[in-house]
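Summary of structural features
Single-letter residue listing:
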Amino acid sequence: MDKQETLAKIANSLAELDSETLKKSLENALHNKISVQEIIREGLGKGMQVVGERYEKGEYFLSELIMAGVTMREGMVLMEPYFKGQTSETRGKILIGTVEGDLHDIGKNIVATMFRSAEFEVHDLGVDVPPETFVKKTEEIKPDIVALSALLSVTLGKVKETIRALSDSSLRKDLKIIIGGSCLNLKIAKELGADAFGRDAWDGVNQAKHLISS
Ligand code: B12
C-alpha cells in the first residue's frame with residue numbers, strides 16, 4: 001500500500017469509527033516512516049472532517065461524535081512515542097486551555113503536544129476554563145504566551161471575555177495571546193485583540209516561536 005492509500009485508510013477508518021482498522025493502519029503508517037504531521041493532517045484530520053460533515057447532514061449523532069473523539073484519542077496515544085521528546089531547555093512558557101463552555105480538547109491536546117515537542121514548557125488548564133482561571137494562573141506562573149482553543153461558535157464571546165480579562169490585568173504588556181480552533185480565524189483574532197491565530201498545531205508552533213522572538 002502506498003502513502004496516499006495508507007493515509008486514506010486512516011481517514012476512512014476514523015470516519016467509520018472502526019478503531020481496529022485505524023490501529024492497524026496507524027501502525028502501518030508509522031512503520032513506513034510516514035511523519036506524525038502527515039498522519040494527523042492527511043489522515044486523522046480528514047477523518048474528523050468527514051465525521052463533522054456527517055453530523056451536519058444528520059447521518060451521525062452525538063454518540064458518533066463521542067465515539068470519534070474516543071477513537072481519535074486512541075490513535076493519538078499510539079503516536080505519542082513518535083513525537084520528538086522533551087528536552088531540558090525551554091523556549092518559553094505557554095499556558096493553554098479550551099475556553100469556558102467548550103469541551104473539545106482533541107485539537108488543543110495536539111497543539112499542547114506540538115508546543116512541548118518544540119521545547120516550550122506547557123501548562124494545560126484543560127477544557128471549559130473560565131476567564132478568571134486563565135487570569136489567576138497567568139498571575140501565578142507568568143507565562144510568555146496564553147493559548148486559547150475554541151471550536152464552538154457560541155463560545156466566541158468567552159474568547160473575547162478571556163482576552164479582555166487578561167488585557168485588564170497588569171500582566172498583558174509582557175504577555176502574548178494566541179488563539180486557534182475551527183470557529184476562529186485571523187480576522188476574528190485581530191478583532192478580539194489576540195496577537196496571533198494558529199490554523200493548526202504546526203502553524204501554532206511557528207506563530208509561537210515568532211511571538212517569543214518579537
Ligand atoms: C469530536 C467532536 C466532539 C466531541 C469532542 C471530544 C473531545 N474530547 O474533544 C464531543 C462529542 C464531546 C462533541 C460535543 C459537541 N460538539 Co463537537 N465536534 C467534534 C468534531 C467531530 C471533531 C473535533 C475534533 O476533534 N477535530 C480534530 C482536531 C484535530 O481538530 P481541531 O479541534 O480543529 O484542532 C486543530 C485546529 O483547529 C487547531 N487548534 C485547535 N485549538 C487550537 C488552539 C491554538 C492555540 C492553536 C494555535 C491551534 C488550535 O489545531 C488543531 C490541530 O491541528 C467536530 C467536527 C470537526 N470536523 O471539527 C465537531 C464540532 C466541533 N462539534 C460541534 C457541536 C455543535 C458540538 C455539540 C454542541 C453537539 C451537541 N449537540 O451537543 C457538543 C458541544 C459540547 C461542548 N460544550 O463543547 C460543531 C460546532 C459547530 C460550531 N461552529 O459551533 C462541530 C463543528 C460539528 C458540526 N459540523 O456541526 N464534539
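In case you missed it, the structure is sitting above this.
Summary of the structure given here. (Residues numbered from 1 in each chain as written. Predicted model: local features only at pLDDT ≥ 70, side-chain atom pairs only at ≥ 80, totals over all residues.)

1. Points about the overall build of the protein chain
Rules: Runs of H or I in DSSP of at least four residues are treated as helices and runs of E of at least two as strands, each being numbered from the N terminus. The atom set for the radius of gyration is the C-alpha atoms, and the globule formula is 2.2 Å times the number of residues raised to the power 0.38. As a rule, residues whose C-beta atom has 12 or fewer other C-beta atoms within 10 Å are exposed, those with 20 or more are buried, and those in between are partly exposed; C-beta atoms are placed from the backbone.
Secondary structure assignment for the protein chain yields nine helices and five strands. Each helix and strand of the protein chain, ordered N terminal to C terminal, gives the series α-α-α-α-β-α-β-α-β-α-β-α-β-α. Taking 17 Å as the expected radius of gyration for a compact globule of 214 residues, we find that the protein chain reaches 18 Å, a close match to that expectation. By its C-alpha atoms, the protein chain is 55 × 40 × 25 Å across when sized along the principal axes. Burial statistics for the protein chain: of 214 residues in total, 39% are counted as buried.

2. Observations concerning helix H9 (residues 201-213)
Owing to its 3.6 residues per turn, the α-helix aligns residues three or four sequence positions apart on the same side. Heads up, the condition is: One less than the residue count of a helix, multiplied by 1.5 Å, gives the span that helix is expected to have. In this context, the arc is that of the directions from the helix axis out to the C-beta atoms. Contact between two residues is assigned whenever their backbone-derived C-beta positions fall within 7 Å.
Counted at 1.5 Å a residue, the expected span for H9 with its 13 residues is 18 Å, and the 19 Å between its end C-alpha atoms agrees. Of the residues making up H9, those classed as buried are Ala-201, Gly-204, Gln-207 and Ala-208. The buried residues of H9 occupy one face: seen down the axis, they fall within an arc of 115°. Check the buried side of H9 and you find it contacts strand S1 (93-98), helix H5 (106-117), strand S3 (145-149), strand S4 (176-180) and strand S5 (196-198).

3. Concerning the sheet that holds S1
Which entries qualify depends on this criterion: Pairs of strands are assigned from DSSP output, requiring at least two bridges between the strands. Only the stretch in contact is used when a helix axis is fitted, and all axes are lines through C-alpha atoms; the angle between N-to-C directions ranges over 0 to 180 degrees.
Spatially, five strands are ordered S2-S1-S3-S4-S5 in an open sheet, and the strand pairing comes out parallel. Where the open sheet ends on each side, the last strands, each with one partner, are strand S2 (121-124) and S5. Averaged over all adjacent pairs, the angle separating strand axes in this sheet is 25°, with direction ignored. For S3 and S4, the ladder comprises five bridges, and the chain directions are parallel. Pairing of Leu-148 across the sheet is with Ile-179, part of S4. Contacting S1, S2 and S3, helix H6 (residues 131-141) runs over the sheet at an angle of about 165° to S1.

4. Section: the nonpolar core
As a reminder, the rule being used: As used here, a nonpolar core is made of buried Ala, Val, Leu, Ile, Met, Phe, Trp, Tyr and Cys residues. They are joined through C-beta atoms within 7 Å. Where each domain begins and ends is defined by an automated method or by a domain database.
Ile-10, Leu-14, Ile-94, Phe-115, Ile-179 and Ala-194 are the most contacted members of the largest nonpolar core, which has 50 residues in total. By residue number, the principal contributor to this core is helix H3 (residues 36-56), which donates six residues. The residues that make up this core include at least three from each of domain 1 (3-82) and domain 2 (93-213).

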